[in-house]
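# Chains, contacts and geometry: an overview
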Amino acid sequence: MNDYSIFLRAFEPDDYLLINKWRNDKKIQEKTMGLIRYVSTEMEKVWAHDKMLNNMKEIYLAICSIDTKEMVGYVSINNIDLINRKADGGGIVIGNEIYRNGKTLIDTSLLLFEHVFDHLGLNRYSGVCLETHIDSRIMMEIMGFRLEGIELESVYKFHKYHNACKYVLLASDYYRILSENGYSELAVAKRAKVLRNKLKNN
């Protein structure tokens, strides 16, 4: 049984206020794949309301602290295809700086994988991150994602084009790592050390 520091829940009506604050935080948006844009609270409210009601093709979930019950970030599952049993990850956004640590990211990922593979019954879960965002690449790989390829100059941010890394986690890989206790704190820490040295030196 995992001792999680966070839990996931569906969006609630007032969540848009925190989401809007984080969306307008340049430091957070610098690490995402999307365009940096400023969004009004009214637009955010409409967006969040739509995510609460329309969850067949995409699911947005609040990341909340076990201790305080406050929302500290959010995560999404996008482009859900139940016929081909696959979906894309929308990335993990941690808005509260106190929770921007490996424990929160790993716990969020594991709860997300449980929903993707156990509850939705999907076989393939994809993710994309900037090639220059080493921390995201390390997180992807320590959690079992395989690098499928590099999308050349596919993201325009900060006055230039960036390459993006396309990753995929298959259900068979997830269940194998789970059965081998590969998501334990010690196993994850060992993989992180190896990957950090590898990616930093490339």
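Summary of the structure given here. (Residues numbered from 1 in each chain as written. Predicted model: local features only at pLDDT ≥ 70, side-chain atom pairs only at ≥ 80, totals over all residues. Heavy atoms only, no water.)

## Things to note about the pattern of salt bridges
Applied cut-off: For salt bridges, the criterion is a side-chain nitrogen of Lys or Arg within 4 Å of an Asp or Glu carboxyl oxygen. Put simply, DSSP marks the helices as runs of H or I at least four residues long and the strands as runs of E at least two long, and each gets a number from the N terminus on. A simple rule labels every residue: compare its accessible area, found with a 1.4 Å probe on the protein chains alone, to the largest value its type can have, and call it buried under 20%, exposed over 50%, or partly exposed in between.
Summed over all chains, the structure comprises nine salt bridges. The salt bridge partner of Asp15 is Arg9, with a shortest N-O separation of 2.8 Å. With a closest N to O distance of 3.3 Å, Arg196 and Asp135 form a salt bridge. Taken together, the positions of Arg196 in helix H7 (residues 185–200) and Asp135 in helix H5 (residues 134–142) put the pair 61 residues apart, joining distant regions of the chain. Residue Arg196 is classed as partly exposed on the basis of its relative accessible area of 36%. Several salt bridges share partner residues, and in doing so they unite Arg146, Asp173, Arg176 and Glu180 into one network.

## Re the layout of surface pockets
To be explicit about the condition: The method works on a 1 Å grid over the protein atoms by themselves. A cavity is a set of points holding a 1.4 Å probe that cannot get out, a pocket is an open set with protein on both sides within 12 Å along at least five of seven lines, and residues with an atom within 4 Å of a point line them. Grid points are joined across faces, edges and corners, and a volume is the space filled by probe spheres set on the points. Under the scheme applied here, ten amino acids are nonpolar (Ala, Val, Leu, Ile, Met, Phe, Trp, Tyr, Cys and Pro), four are charged (Asp, Glu, Lys and Arg), and all others, including Gly, are polar.
Volume-wise, the second largest pocket comes out at about 270 Å³. A total of five residues in the lining of the second largest pocket trace back to one element, the largest contributor, which is helix H4 (residues 102–119). Each residue belonging to the lining of the second largest pocket can be placed in one class, and the counts come to eight nonpolar, three polar and four charged.

## Examining the sheet that holds strand E1 (residues 6–10)
We apply this condition: A pair of strands counts as paired when DSSP detects no fewer than two bridges linking them. What counts as an axis is a line fitted to C-alpha atoms, over the stretch in contact for a helix, and the angles between N-to-C directions run from 0 to 180 degrees. Residue contacts are defined here by distance: any two heavy atoms, one from each residue, within 4.5 Å place the two residues in contact.
If you trace the seven strands from one edge of the open sheet to the other, you get E1-E2-E3-E4-E5-E7-E6, paired in mixed fashion. Two strands lie at the open edges of the sheet, namely E1 and strand E6 (146–157), each paired on one side alone. Between one strand and the next, the sheet's axes are offset by a mean angle of 30°, whatever the strand orientation. Bridge count for strand E2 (residues 59–65) against strand E3 (residues 71–81) is six bridges, and the pairing is antiparallel. Considered in E3, the bridge of Tyr60 is made with Ser76. Those strands touched by helix H6 (residues 171–179) are E6 and strand E7 (160–170), and its axis lies near 65° from that of E7.

## Topic: helix H1 (residues 16–23)
We apply this condition: This arc is taken over the directions from the axis of the helix to the C-beta atoms.
Listed as buried for H1 are Tyr16, Ile19, Asn20, Trp22 and Arg23. For H1, the angular spread of buried residues about the axis comes to 165°, placing them on one side.

## Examining the packing of H1 against helix H3 (residues 41–53)
Defined as follows: Each angle receives one of four descriptions, namely roughly parallel if under 35 degrees, roughly antiparallel if over 145, roughly perpendicular if within 65 to 115, and oblique otherwise. By convention, the crossing between two helices is left-handed when the near helix turns anticlockwise from the far helix through less than a right angle, and right-handed when the turn is clockwise.
The geometry of H1 relative to H3 is characterised by a closest axis approach of 9 Å and an angle of 120° between their N-to-C directions. What the angle tells us is that H1 and H3 run oblique. Here the hand of the crossing between H1 and H3 comes out right-handed. Facing H1, whose interface residues are Tyr16, Ile19, Asn20 and Arg23, H3 presents Thr41, Glu44, Lys45, Trp47 and Ala48. For the contact of H1 with H3, the per-class residue count stands at four nonpolar, two polar and three charged.

## Here's the deal with the state of the cysteines
Going by this rule: The disulfide definition used here is simple: a pair of cysteine sulfur atoms within 2.5 Å.
Under the defined criterion, the tally for this structure stands at zero disulfides. Sulfur of Cys165: no disulfide; nearest cysteine sulfur belongs to Cys129 and is 5.0 Å away.

## As for the packing of aromatic side chains
For clarity, the threshold we go by: Centre distance within 6.5 Å is the pairing criterion for rings of Phe, Tyr and Trp, where only the six-membered ring of Trp is used; planes under 30 degrees apart are then read as stacked, over 60 as edge-to-face, and the remainder as tilted.
Using the criterion set out here, one finds 17 aromatic pairs in the structure. Between Phe11 and Trp47 the ring centres are 6.2 Å apart and the planes differ by 55°, which places this aromatic pair in the tilted class. One end of the pair, Phe11, is in the loop between E1 and H1; the other, Trp47, is in helix H3, with 36 residues separating them in the sequence. Take Trp47: its relative accessible area is 21%, and that puts it in the partly exposed class. On the numbers, 5.0 Å between centres and 20° between planes, the contact of Phe117 with Tyr174 is stacked. Remark: Tyr174 occurs in helix H6 and Phe117 occurs in helix H4; sequence separation between them is 57 residues. Note on accessibility: Phe117 and Tyr174 belong to one class, buried.

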